[in-house]
Amino acid sequence: TFSLSLAGFIEEPERKYCFECDSEEQCQEWIEALKRASYEFMRRSLIFYRNEIQKMTGKDPLEQYGISEEARFQLGTRK
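Everything numeric in this text was worked out from a predicted model, so none of it was measured.

(A) Representation of the overall build of the protein in the model. Along its length, the protein carries 2 helices and 2 strands. Moving toward the C terminus, one meets the helices and strands of the protein in the order β-β-α-α. Out of the 79 residues belonging to the protein, those deemed buried represent 14%. Contacts in the protein between residues at least 24 apart in sequence constitute 34% of all its contacts with a sequence separation of at least 6. As displayed, the protein has an accessible area near 6,800 Å², and 54% of this comes from carbon and sulfur atoms.

(B) Up close: the packing of aromatic side chains. Tallied over the entire structure, the rule returns 1 aromatic pair. Between F48 and Y49 the ring centres are 5.0 Å apart and the planes differ by 80°, which places this aromatic pair in the edge-to-face class. Using a relative accessible area of 53% as the deciding quantity, one classes Y49 as exposed.

(C) The arrangement of helix α2 (residues 39-57) in detail. Over its 19 residues, α2 extends 26 Å from the first C-alpha to the last, a length consistent with the 27 Å expected when each residue adds 1.5 Å. Along α2, the residues classified as buried are R43, I47 and R50. Projected down its long axis, α2 shows its buried positions confined to an angular sector of 65°, all on one face. Structural note: α2 exposes Y49, K55 and M56 on the side pointing more than 90 degrees away from its buried face. G58 sits one or two positions beyond α2 and adopts a positive phi of about 80°.

(D) Looking closely at the pattern of salt bridges. Taken as a whole, this structure holds 5 salt bridges when the rule is applied. Between E32 and K35 there is a salt bridge, with its nearest N and O atoms 3.6 Å apart. With E32 and K35 both in helix α1 (residues 24-36) and 3 residues apart, this pair spans about one turn of that helix. Judged by its relative accessible area of 35%, E32 is partly exposed. K55 serves as the salt-bridge partner of E52, at 3.1 Å between the closest nitrogen and oxygen. Taken together, the residues span about one helical turn, with E52 and K55 both in helix α2 at a distance of 3 residues. Accessibility expressed as a relative area gives 64% for K55, which makes it exposed. Each member of the salt-bridge network shares a partner with another, and the members are E40, R43 and R44.

Scoring rules and cut-offs
Residues numbered from 1 in each chain as written. Predicted model: local features only at pLDDT ≥ 70, side-chain atom pairs only at ≥ 80, totals over all residues. Heavy atoms only, no water. Helix = DSSP H or I, 4+ residues; strand = E, 2+ residues; numbered from the N terminus. Buried < 20%, exposed > 50% of the residue type's maximum accessible area, 1.4 Å probe, protein only. Contact = heavy atoms within 4.5 Å. Areas by Shrake-Rupley, 256 points an atom, 1.4 Å probe, with all protein chains shown as cover. Phe/Tyr/Trp six-rings, centres within 6.5 Å; stacked < 30°, edge-to-face > 60°. Expected span 1.5 Å × (residues − 1). Arc of directions from axis to C-beta. Salt bridge = Lys/Arg side-chain N within 4 Å of Asp/Glu carboxyl O.

Structure, rendered in structure tokens:
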């Protein structure tokens, strides 16, 4: 069993979630799934795939959305 506290939600600032697992392995799978769903993981994935597309096509795939220069989507920067 492990619990997760999420802060920052206006409607429910103290809300907690409790997860129960049948095994340590299942617990680790939940933890990994939650990490993969995090903003930072998705941001890093976006940066990786953005760079790969740019290498293949020579164009920034975010340029069409007017956010190609946005710092949070640049490699080596932190939000």
